[in-house]
Amino acid sequence: MNIVLQWSDFASISPLLILLGAGLVLLLLESFAVETAKKISFFLSLAVIISAFFAALYAPPSENQLLTNWLRFDAMSRLFTLFFLLIGLGSILLSSAFFRRFEASRGEYFFLLLSAIFGLILIGASADFLTLFLGIETLSISLYVLCGYMKRWGISNEASLKYFLMGSLAAAFLLYGIALIYGAVGTTKLDALLNGYHSLAKGTDKILFLSGVVFITIGLAFEAALVPFHIWAPDVYDGAPTPVTAFMSVGTKTGAFAAFIRVFFDALPQFDLIWNQGIALLAYPTLIYANAVAIRQIYLRRFFAYSGISHAGFLLIPLAAGTPDALSSLIFYLVVYVLATLGSFATIAYLDHKTNGVSIHDLQGLFKRSPMLAGILAFCLLTLAGIPPTAGFFAKFYVFKVGFQAGYYALVIVGLLTTILSAFYYLRMIGVMFSESPAEFTLPPRSWPAACVGLTSCAAIVFLSCYPAPILSLLTLANK
Amino acid sequence: MLNLIVLFFVPFATSFAAFFFLPLAKRPLKAAAFMMSLLPLIILLSGEKSWIGSEINYDWLPGISIKFHLMIDYLSLIFLYLLAIVIPVSILAVRSAEIPYPNFFYGMVLLLQGLLIGFFTARDLAVFTIFWEGMLVPLYFIISLWGGPNRQQAAIKFLVYMIAGSTLMIAAVLALYFSAESLHGTGTFNIDVLAKIAEKAPYAPWLCAIFLLAFAVKTPLFPFHAWLPDTYYQASTAGTILLSGILSKAGIYGFMRIGLEFYPTLMIEWSPLLLGLGITGVLYGGLAAWMQNDFKRLLAYSSFAHVNFVLVGIFVWNQVAHSGAILQAFNHGITISALFMVAGWLEERLGSTSIHQASGLAKFMPLLCWLTLFFVLSNVALPGFNNFIGELMILFGLFSLHPWLAGILGLTVILSVIYMLRWMQKIYFQSPGFFQDSWIDIKGRELAISLPLIIIVMWIGVYPAPILKQIEPAVKKIASTESPKEAQ
């Protein structure tokens, strides 16, 4: 039993170490050299993410028990690490666009963003409940501060406090669920859960285990913003500065579903049908409520909160199905959702000029003012609406196929009907962009990072629409 | 196989070129776009006999078992020809001086062409659905960006109506896939395989109803037409030509490809109801058209009435009626595109689409008057014109099964005469008012544009045998789907 860490072990966890190191450097820089921090923190973070990305690509899996007790080094965790790093890259680029318009200190911001990404990677690579909890908490605490980052905005402070209070409650649920499961099977390692569950003899132990599972589901449902645990999402998304909202809508959502995947696809695959049926029951109100309320939204950050909740509802369908095929469809849908949402936020980053954020009235006549921006946003919204031939249609089709196969016919039909509602509000936004009278303000100077994000997401979506085979085969490979 | 690949990808390539690479002035741009839209027609005409059976079969998404399978058969070929003719006509109907963002417009029309080629040749039900919903995107932009004052509302109404009608189709497609899995061993989306087992699948009546709903909304069949008047009216001339000439044919094609081939016995069972809806649609469209004071709306309702006529031909289970329906679909596409184009020229000169705007225009614009009259007579199904053959065959087929319904349908022909000639009389033949500067007659250029359409109308009207021979194998194939049942 090797209890000494060797260089190869450090190489295995190099993405995490790089992020951590860079975050601390940024913090120091901010404390001692504010002007330098302002200039270079963006480029430093960019460099860090790119190096972490390459590190994650080439990191060898570790065999050291000191690490494998807590972190997993399989294809799935590598996939998640790369995915989260790309999300981080997108958010950092969008933040640069934001800081050109609004004044705030940069070093702390990027430190917090890097810590949030660190937390996400921990979630994706967790082999133990405690690591999972650590990841979620790191993510959440960074986000509590990030949401309240604009100190002079009233809504930002409000959002931060709301998120903090409700997030702590959800963390408490999560922790209690972990404790109950520990009480039932005597371990918090994810690997040992399934065997532990099946070896439970007494009925009371099984009830203990299932209660633990319920509490954990509640905690994770809060993170993923599922109805009825979604109440924090609209206000928090609305109050946070736009790049933080972008990060939350893609990062936290993906992180929550990564946690779901780690616990309920890897550790406890189809352990009890009643859990899957419970998830299906959760999907109905999520789909119906989110799609119905999103129709009334005017402010875009809030709109994307509800959009995110409705997509979380669609993501529950493969979660309820629970088959390996369902896992591929879940991750594929997440990829398409992330790309489309980041692309939309790229356009919003250009138009952001008030504390309240962009409203739908600011979009009026956008096509006349800037065809490129309108085109990017229109394309991303079409993808989110699931209109063929964009990749969004394939993602939804795959999800419905998996749901159908698992026998959830009513859920698939409800999903299809709520797709009609979602098509309405996404298309209405596109319609506003192509309408006549432009609102009176001029566009900000060009921001190459935001343009990067917008164009890359569109290109990626187009690529996925025409040729999704490589991603799909990558995902089935990751399932092994 | 090479030919269908070329045919399918050319419109997408030209659309891309129109979007990004053609920074020309407006008139050369229209000419360039017109040339590019003619390419599929040229490809089709130079391929001749070899088109039937040419296919593309590519394992596109093995994870979800979607194969990119396109194949041309007799039914598809007719609609492909119609498409290849109507799209250039719609580009020609654009008033190049006034249109903003012409690049974008021509790109959208060419994109629509590509998507429809894919739709009419799709042999994989998932690919069929993708193109079915995908064709709405360019049409939405075409309606919403260029047209009348309320076009955005009309465009959203159009789109949401269409999506609402066809979303459940995804569930039906998946249900067929899984019943193929249970009945056949492996799940597949292949249309030929599914056609054999569709009626044995569980919940077949529900699935059939879902499919029929989707097609009924698009065509539109009688009670699902609420989107039609506003959308046709608010769209620009080119947009309306695309809607009436092509979109409705997509619905008709869907009825034939899936309704008749997948569910023959259900269609026969439900034919009283469907015939009732169709005939009501013809009557409703005719009566509504009679009441209109605006000739664009009049033509919209006329189009609606004629499309329902075609659907009546589909719903009656008779080979002659089916041949007539396919022929009439082609005819209607040609005639209504020509009519909207001519009406667009009239609108340019009058400045509005009201019937009472002017009268006695035949004195000042004789050529336009005679051209309009030519297409009006074609629409009205005067013998010697194309619509006569199609409508006659439908009536013939209907009479052999339901003589009373054929009688009622025959009355609607009179109705179409009434409303079309009312328009002609009010605008062209009543006593003329004072001349206005904009009433310039059409010149040789417009006549040259209409000439191919005139030739087709006359050719089919006088000598329909060649096209009927093309239609016959398609109709025989549809009829054969019923015989296994009869043999039992």
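Computed from a predicted structure; not experimentally measured.

Caption draft 1: Quick look at the overall build of chain A. Per the secondary structure count, chain A includes 21 helices and zero strands. For a compact globule of 480 residues, the expected C-alpha radius of gyration is about 23 Å, and chain A comes in at 22 Å, within 12% of that figure. C-alpha extents for chain A along the principal axes are approximately 70 × 55 × 40 Å. Split into buried and exposed, the 480 residues of chain A put 62% on the buried side. Of the contacts made within chain A by residues no fewer than 6 positions apart, 81% connect residues no fewer than 24 positions apart. Of the roughly 17100 Å² of accessible surface on chain A, a fraction of 70% belongs to carbon and sulfur atoms. In chain A, the 26 positive side-chain charges and the 22 negative ones have mean positions that sit 7 Å from each other.

Caption draft 2: A look at the pairing of strand 2 (residues 66-71) of chain B. Residue and element names in this part refer to chain B. Within strand 2, five of the six residues are buried, which leaves it mostly tucked inside the rest of the structure. Both strand 1 (residues 55-61) and strand 2 contribute to a ladder of five bridges, which runs antiparallel. Of the residues in strand 2, the one forming a bridge with Asn57 is His69. The antiparallel hairpin formed by strand 1 and strand 2 contains four residues in its connecting segment, where Ser65 sits at a positive phi of about 55°.

Caption draft 3: A look at unusual backbone geometry. Residue and element names in this part refer to chain A. The linkage connecting Val227 with the following residue, Pro228, adopts the cis geometry, with an omega of 5°. Turning to its location among the elements, Pro228 is positioned in the loop between helix 10 (203-224) and helix 11 (232-239). Despite not being glycine, Ala225 shows a phi value in the positive range, around 60°. In this fold, Ala225 is placed in the loop between helix 10 and helix 11.

Caption draft 4: View of the interface of chain B and chain A. Counting residues at the interface gives 37 residues for chain B, matched by 34 residues for chain A. Buried surface at the junction of chain B and chain A, both sides included, amounts to about 3200 Å², of which 83% is carbon and sulfur. The largest share of the area that chain B buries against chain A comes from B:Ile64, B:Tyr101 and B:Phe178, three residues that together contribute 16% of it. Between chain B and chain A we count zero salt bridges in total.

Caption draft 5: Molecular detail of the side chain of A:Ser249. Residue and element names in this part refer to chain A. Within the secondary structure, Ser249 is located in helix 12 (residues 242-267). Engagement of the side chain of Ser249 in a polar contact is seen with the backbone oxygen of Ala246, the distance being 3.0 Å. In contact with Ser249, not counting residues within four places along its chain, are Tyr237, Tyr337, Thr341 and Phe345.

Cut-offs used in this document
- Residues numbered from 1 in each chain as written.
- Chains lettered and ligands numbered in written order.
- Predicted model: local features only at pLDDT ≥ 70, side-chain atom pairs only at ≥ 80, totals over all residues.
- Heavy atoms only, no water.
- Helix = DSSP H or I, 4+ residues; strand = E, 2+ residues; numbered from the N terminus.
- Rg over C-alpha atoms; globule rule 2.2 N^0.38 Å.
- Buried < 20%, exposed > 50% of the residue type's maximum accessible area, 1.4 Å probe, protein only.
- Contact = heavy atoms within 4.5 Å.
- Areas by Shrake-Rupley, 256 points an atom, 1.4 Å probe, with all protein chains shown as cover.
- Lys, Arg positive; Asp, Glu negative; His and termini not counted.
- Charge placed at Lys NZ, Arg CZ, Asp CG, Glu CD.
- Pairing = 2+ DSSP bridges.
- Buried area = accessible area lost by both parts, 1.4 Å probe.
- Salt bridge = Lys/Arg side-chain N within 4 Å of Asp/Glu carboxyl O.
- Polar contact = N/O pair within 3.5 Å; in protein donor to acceptor, adjacent residues only side chain to side chain.

Note that every value here comes from positions in space, so none of it alone points to a role or purpose.
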